[in-house]
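Examination of the molecular architecture
These are the residues of each chain, in order.
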There are 2 protein chains.
Amino acid sequence: MAYYALNTEQAKEYARQHAGIFHANANLECNEIGDGNLNLVFIVRDTATNASVILKQALPYAKVVGESWPLTLDRARIESDALAYQATRCPQLVPQLIAFDRELSLIVMEDLSDHTIMRKGLITGERYPLFAEHISTFLAETLFFSSDLGMDQQQKKWKVQQFINVELCKITEDLIFDHPFRDAETNNISESLQPTVQTLWQDEQLLAEVAGLRELFLTKAEALLHGDLHTGSIFIRQDSTKVIDPEFAFYGPIAFDIAKVYGNLLLNYAGQLGWQPSAEALTDYRAYLLQTIREISEQFEAKFVALWLAHGVDPIAKSTIYQERYMTRLLQQAFGFAGCVLIRRVVGLAKVADIEQISDASKRLEAQKLALTIGSALIKQHRQFDNIEEALAAVVAVTR
Amino acid sequence: MAYYALNTEQAKEYARQHAGIFHANANLECNEIGDGNLNLVFIVRDTATNASVILKQALPYAKVVGESWPLTLDRARIESDALAYQATRCPQLVPQLIAFDRELSLIVMEDLSDHTIMRKGLITGERYPLFAEHISTFLAETLFFSSDLGMDQQQKKWKVQQFINVELCKITEDLIFDHPFRDAETNNISESLQPTVQTLWQDEQLLAEVAGLRELFLTKAEALLHGDLHTGSIFIRQDSTKVIDPEFAFYGPIAFDIAKVYGNLLLNYAGQLGWQPSAEALTDYRAYLLQTIREISEQFEAKFVALWLAHGVDPIAKSTIYQERYMTRLLQQAFGFAGCVLIRRVVGLAKVADIEQISDASKRLEAQKLALTIGSALIKQHRQFDNIEEALAAVVAVTR
């Protein structure tokens, strides 16, 4: 059967046959809830039992700011393969994969409508006391066991081949590691922010560090990344965290996944001056965000090292000196990459609601400038950080 | 047609039909000249015209020290693809690829019998005044244009996929970056060398650096390497250099190819105390070898940077600060990897004639110890080298 894009009626019937939870005569309803840029997302629900599933279908093009360009359907295969891998390590932290249809580039998976998109929750000032625990487990488990430290090093090479993800990597390479750092067409910079951005573009030390981080992204096939682990790819409740949408998965530098989490928490940190009701509340919430980063860092390191000691496959890599250097390097690179994430979300094509939806223009500008300042500081200083406290101190030092 | 291993008669007839240089009635002679460990190598010659070609056929197993293990025939496809790529950059420095037969895993190529294997030439004290010029061109051209600096970064990812070389990479990973640094079965250590080797195995700083270099080899998909660029893979004359046998080709760290050249020149440097007729001659020849390394380093850097400036595809990578850091990093890593090459050839499974064929046992032991001492010094100091003179000084400092 050749590919065709489903309509809601077809999605309903597909789910009836393949989801494995609906009766043949069940009364189903179906809504398309995707943003329509890259994928169709259908929720199909049994009106009697309320049981539901998600159907996610890749579209053969991407729509961004009115334009449309072709985009491989193979990304659905990659997303399905990545979800399947993640489920082998931490099934409680990802949506259950029910079926994958290669011809239709269609994934059938668990419905998580009882969760909230984390970005929205953070904007409204929610706190998630289990998030650091959950996400550090997700990172340590998925990254360690797909790396040369935790799996057969020959099998890993076949996995690198399986997850070559040319087109989606290019999006990241352009929008995070290139366009924001020069006067590129895709950038979207408000008039009032121009002088600040011009300063960044002339900062030779900054650009040299970005070039090094871009090189890492292009060349370091270290572990199977989620590849797009921002707070919009996380469904959350007080008691549950689910990481979704791994269509950017590829073999890349471990620190990049960590960095997307840190970077998006720090974008919210910058944006909170537009959301919190008072200076005290702002200080308090920002402290919560930094504490969350601290806990993620500490717990990730503890869990990753514990896995290494218990399951490390490489005799030479058991060197304690090497392990310490390795973990410090991951911390440094994570904050370097996070700095790029902060800058791209202010200068580049795709913005984040944490800052862009601040209605007060002067506060929005202030938040944008703070995000750029933190981003720049992290990029320029990251190779000097010896521990998490030095990295967090660098954030605090530039927060006005 | 299914795979079968050719005999000399079949090789002759194959060449008659496919080499494109023999008459249908030509009187051909054929000899198998391979060492028989991994491949059959036939030379087929027209007894009237003296025209000749080489047929190289991969065997489906490897024979090492009497044992035999299965080895993928796909390496012939990789060698053929790598030869074809190298010929696009520097046809004058590789044998001409005449034909490739996928079913037979058979490469037909230019005969280079008028050249000498460089390792043999060096052992007899030959000097090759054009070698640095030639090999630095080979390295700069093939590495730059297959890297993210010099080619389309999306096409490069398909090329990474094309050159996944699981089994041959494992040979390098085991025999260079693992076994020599612990008490592994494959090692081959003479009684008198045991105490020196034991000291290496207990040197925590050394092992931490080796772990870092191994990580680079496992994860850094930087450029299409030759993968096995020792002086036995180089055919040479006074006026010509030909790099052969790229069956280990894969996307790896640029510095590794450079390192195999340096490492093998330094193995010869250590071994010369068993070959040179006098102390003066020894000093003189060693100076020649170090000067060759210096010239390769300087010329490689100049050529690579010139290509970067003229053909660099990446706007962010044009940062001068980044370029300088990049070239220094390559230099450092090249000497780190070279150190591993020195140690593996003394401790590990496969030895080199430069040292092993020294007939005087005490001189051989002295050469082995010197190779280990230089190797260890380079591994431990490589990240401190700021330029080629510091690296060469480190070699001289430990030469007794």
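Higher on the page you've got the structure.
First, a word on what this report is: a plain description of the structure on this page.

Here is what the cut-offs are and how they apply
- Residues numbered from 1 in each chain as written.
- Chains lettered and ligands numbered in written order.
- Predicted model: local features only at pLDDT ≥ 70, side-chain atom pairs only at ≥ 80, totals over all residues.
- Heavy atoms only, no water.
- Pairing = 2+ DSSP bridges.
- Helix = DSSP H or I, 4+ residues; strand = E, 2+ residues; numbered from the N terminus.
- Axes fitted to C-alpha atoms, helices over the stretch in contact; angles between N-to-C directions.
- Contact = heavy atoms within 4.5 Å.
- Buried < 20%, exposed > 50% of the residue type's maximum accessible area, 1.4 Å probe, protein only.
- Salt bridge = Lys/Arg side-chain N within 4 Å of Asp/Glu carboxyl O.

1. Looking at the sheet that holds strand S6 (residues 97-101) of chain A
Residue and element names in this part refer to chain A. Pairing in this open sheet of five strands is antiparallel, and the strands run S1-S2-S3-S7-S6 from one edge to the other. With partners counted over all chains shown, the strands left at the sheet margins are strand S1 (28-32) and S6, one partner each. Averaged over all pairs of adjacent strands, the angle between strand axes in this sheet comes to 20°, irrespective of strand direction. When strand S2 (residues 39-46) meets strand S3 (residues 52-58), the two strands line up antiparallel, connected through seven bridges. Bridge pairing links Asn39 to Ala58 in S3. Against the sheet, helix H1 (residues 8-18) contacts S1, S2, S3, S6 and strand S7 (106-110), and its axis sits at roughly 125° relative to S1.

2. Some points on the pairing of S7(A)
Residue and element names in this part refer to chain A. The element S7 is largely enclosed, with a buried count of four among its five residues. With five bridges joining them, S3 and S7 adopt antiparallel strand pairing. What sits directly across from Val53, in S7, is Glu110. Across four bridges, the pairing between S6 and S7 is antiparallel. Note that in S7 the partner of Ala99 across the bridge is Val108.

3. Regarding the pattern of salt bridges
Scanning the model with the defined rule gives 54 salt bridges over all chains in all. Across the pair A:Arg383 and A:Glu209 runs a salt bridge, and its minimum N-O distance is 2.8 Å. Note that A:Arg383 is positioned in the loop between helix H13 (361-381) and helix H14 (388-398) and A:Glu209 in helix H8 (residues 204-219), a separation of 174 residues in sequence. A residue is classified by how much of its surface remains accessible, and A:Arg383, at 43% relative accessible area, is partly exposed. With a closest N to O distance of 3.0 Å, B:Glu215 and A:Arg329 form a salt bridge. Placement of the pair is B:Glu215 in helix H8 (residues 204-219) and A:Arg329 in helix H11 (residues 320-347), with the two residues belonging to separate chains. Grouping residues by exposure puts B:Glu215 and A:Arg329 together as buried. One salt-bridge network, held together by shared partners, links A:Glu215, B:Lys220, B:Glu222 and B:Arg329.

4. Points about the pairing of strand S2 (residues 39-46) of chain B
Look at any regular strand and the pattern is simple: side chains alternate between the two faces of the sheet. All names here are of chain B. Counting buried positions along S2 gives seven out of eight residues, so the element sits mostly inside the fold. Across five bridges, strand S1 (residues 28-32) lies against S2 in antiparallel orientation. In the strand pairing of S2, Leu28 is matched with Asp46. Hairpin connection from S2 to strand S3 (residues 52-58): five residues lie between these consecutive antiparallel strands, with Asn50 at a positive phi of about 70°.

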